[in-house]
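# Structural overview for review
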Amino acid sequence: MSIEYVVVSEGEHDEPIELPAEEDGSLLLSTVAAQFAGASGLKFRAGGRLRGLRLADERVLPPADGWAAHRYFCAFPRAAERAPRPRCSDLIVLGLPWKTGEDAVRDYFAAFGELLMVQVKRDAKTGLSKGFGFVKFAEYEAQLRALGRRHMIDGRWCDVRIPNSKDGGSAADRKVFVGRCTESLSADDLREYFGAFGQVTDVFVPRPFRAFSFVTFLDPEVAQSLCGQDHIIKGVSVNISTASPKRERARSALLGWGVLDAPRVFSWPPDAWAHAAPPDAKPYLKYE
DNA sequence: GTTGAGCGTT
């Protein structure tokens with residue numbers, strides 16, 4: 001007896017993959033979801049019309065004329081059912097050219113979705129741009145599109161972020177620390193290398209040179225999955241670990257050395273041991 | 001040489 005395979009793709013025009021049917025001729029929804037996360041069913045096109053397949057007891061049932069007669073693609077829950085969409089926040093736009101004003105910023109970001117607000121921050125006296133501004137979108141999807149990439153505005157690369165004065169540090173779990181970098185590794189090298197693991201939204205390489213960098217991914221799971229690993233990039237063995245905010249690290253160090261009292265409830269970060277000082281270490285304070 | 005730039009007159 002041989003296994004029957006069902007030809008399924010994510011969207012109608014995506015590359016198909018063969019999924020094994022069960023002995024009773026049904027296809028387990030879990031088999032579909034294992035390849036296409038979030039899929040809730042299957043559909044196919046018959047005579048130009050879309051047709052959905054029956055679902056019974058977490059199993060997709062074959063059409064009347066059998067699996068082999070069609071190729072299938074996934075049905076997903078409506079966006080509104082997956083989760084209530086978070087509200088849009090103001091977004092900070094960093095790195096604007098000095099000459100760029102509201103009109104150019106509005107023209108640029110209008111391509112991502114309807115804008116509710118555009119500001120370029122200026123010096124009160126001179127009226128000159130401070131090189132950053134704020135935008136707010138009407139739709140959360142537009143905000144996601146704008147956050148997921150860099151932006152070339154009037155000839156300069158600009159970054160769009162959630163401002164840290166509101167809801168600060170939301171990028172922490174999407175960011176990794178890349179240690180043991182050499183000067184030969186450029187931001188573009190890192191972007192290209194890590195782009196193979198998932199969409200990279202930011203790369204920070206300190207200048208002047210220091211032997212580390214930060215890489216931020218769109219997907220926190222991608223970032224977390226890389227932590228603890230060593231990777232060889234252009235012949236350089238780098239070490240990847242969690243990126244923790246400067247404030248947190250300073251505080252952890254002070255607590256660890258007994259300079260500060262620990263609060264009654266305090267949980268060490270998973271890598272706290274790695275930052276612990278030897279018993280004879282002198283406290284080192286760096287003031288901002 | 002293993003922890004980051006810049007963050008909002010109203």
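Residues numbered from 1 in each chain as written. Chains lettered and ligands numbered in written order. Predicted model: local features only at pLDDT ≥ 70, side-chain atom pairs only at ≥ 80, totals over all residues. Heavy atoms only, no water.

## Structural notes on helix H4 (residues 140-147)
- Taken as a whole, H4 has its buried residues at Tyr140, Ala142, Gln143 and Ala146. When H4 is viewed along its axis, its buried side chains cluster within an angular range of 155 degrees and face the same direction.
- Each element contacted by the buried residues of H4 is listed here: strand S9 (91-94), strand S11 (129-137), strand S12 (151-153) and strand S13 (156-161). (Buried < 20%, exposed > 50% of the residue type's maximum accessible area, 1.4 Å probe, protein only. Helix = DSSP H or I, 4+ residues; strand = E, 2+ residues; numbered from the N terminus. Arc of directions from axis to C-beta. Contact = heavy atoms within 4.5 Å.)

## Things to note about the side chain of Gln143
- Note that Gln143 resides in helix H4.
- Not counting residues within four places of it along the chain, the set of residues in contact with Gln143 comprises Cys88, Ser89, Leu91, Phe137 and Ile162.

## Observations regarding the sheet that holds strand S4 (residues 41-46)
- Spatially, S2-S1-S8-S4-S5 is the arrangement adopted by the 5 strands of the open sheet, whose pairing is mixed. The open sheet is flanked by strand S2 (17-20) and strand S5 (49-52), the only strands paired with a single partner. The mean inter-strand angle of the sheet, taken between neighbouring strand axes irrespective of direction, is 45 degrees.
- Both strand S1 (residues 5-9) and S2 contribute to a ladder of 4 bridges, which runs antiparallel. Residue pairing in the sheet places Val8 in a bridge with Ile17 of S2. (Pairing = 2+ DSSP bridges. Axes fitted to C-alpha atoms, helices over the stretch in contact; angles between N-to-C directions.)

## Looking at unusual backbone geometry
- Here the amide bond leading from Arg207 into Pro208 is cis, since omega sits at 0 degrees, within 30 degrees of zero.
- Examined against the element boundaries, Pro208 turns out to sit in the loop between strand S15 (200-204) and strand S16 (212-217).
- The phi torsion at Asp57 lies on the positive side, around 60 degrees, for a residue other than glycine.
- Take Asp57: it is sitting in the loop between strand S6 (55-56) and strand S7 (59-60).
- A positive phi is found at Asp154, a non-glycine position, where the angle reads about 50 degrees.
- Its relative accessible area of 38% is what places Asp154 among the partly exposed residues.

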